[in-house]
Amino acid sequence: MRLLALIFCSIISLCAHAQELDTVAIKAIVQQIDNTAELDSTVHDWSQLTGVVTDGGAELISWRNNGEVVKVFQQVGLSFGRITTTIYLHDSEPIMAIETEENFGFNDQGEIDYTSLKLVYQETNFYYKEDPPYSGEYDLYNRHTGKRVISEQYCSSSELLYPLELIK
């Protein structure tokens, strides 16, 4: 019984270690994308694509390398703050998505202070597929800090990737 428990624990730790190695490789690709100056950027009309107008404005920008989308940035301004989503892709597949929620604070009179934003939540999702042949399904490794104040948690990771649908 102890041997079985030891084997099980070893398998779990190897899987966790492999997952951490995957995140290191993904971070290296993301850094390479961020450091590439020759990317072509396109600013999309977010309100026209979504049919939604926000009181704080919104923007949607995509970056391409040789015609292939490698990064998408969406920022939505709301009366309480802003929500930002950045998605990185490799070989046309999402590899990392970062979502942040920032909220305005309050001044001494209890009124909203629109001069500064405070980061209240950040979520980083790493997407990876098993070795080829790919099944089409993503494994997800998620890290988050803070607590959502106004924004809602997604029911599925595909909701976080919605900006990719907007730019197609």
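Residues numbered from 1 in each chain as written. Predicted model: local features only at pLDDT ≥ 70, side-chain atom pairs only at ≥ 80, totals over all residues. Heavy atoms only, no water.

Visitor: Give me the lowdown on the environment of Y121, citing residues and values where you can.
Guide: You can see Y121 is positioned in strand 6 (residues 112–128). In contact with Y121, not counting residues within four places along its chain, are E99, T100, E101, H144, T145, G146, K147 and R148. Within the structure, the side chain of Y121 is placed 2.6 Å from the side chain of E123, a separation counted as a polar contact. (Helix = DSSP H or I, 4+ residues; strand = E, 2+ residues; numbered from the N terminus. Contact = heavy atoms within 4.5 Å. Polar contact = N/O pair within 3.5 Å; in protein donor to acceptor, adjacent residues only side chain to side chain.)

Visitor: Requested: an account of a nonpolar patch on the surface, with residues and values cited.
Guide: On the surface, a nonpolar cluster with roughly 360 Å² of combined accessible area is contributed by F106, I112 and Y114. Locating F106 in the fold gives a position in strand 5 (residues 93–106). Owing to a relative accessible area of 62%, F106 belongs among the exposed residues under this scheme. (Patch = residues over 30% accessible without salt bridge, like charges linked within 9 Å, V, L, I, M, F, W, Y side chains within 5 Å. Areas by Shrake-Rupley, 256 points an atom, 1.4 Å probe, with all protein chains shown as cover. Salt bridge = Lys/Arg side-chain N within 4 Å of Asp/Glu carboxyl O. Buried < 20%, exposed > 50% of the residue type's maximum accessible area, 1.4 Å probe, protein only.)

Visitor: Lay out the pattern of salt bridges with the relevant residues and their values.
Guide: The tally for this structure, following the rule as stated, stands at 4 salt bridges. Note that R82 and E102 form a salt bridge whose closest N and O atoms lie 2.6 Å from each other. On the criterion of sequence distance, the pair formed by R82 in strand 4 (residues 81–90) and E102 in strand 5 is long-range, its members being 20 residues apart. Overall, the relative accessible area of 16% leaves E102 in the buried class. Note that R148 and E123 form a salt bridge whose closest N and O atoms lie 3.2 Å from each other. Taken as a pair, R148 in the loop between strand 7 (139–146) and helix 3 (157–160) and E123 in strand 6 lie far apart in primary sequence, 25 residues in all. Given a relative accessible area of 15%, R148 falls into the buried group. For E123, a relative accessible area of 8% gives the class buried. Sharing partners across several salt bridges, the network here consists of E99, E123 and R148.

In short, the description is geometric, and any link to function would need to be established separately.
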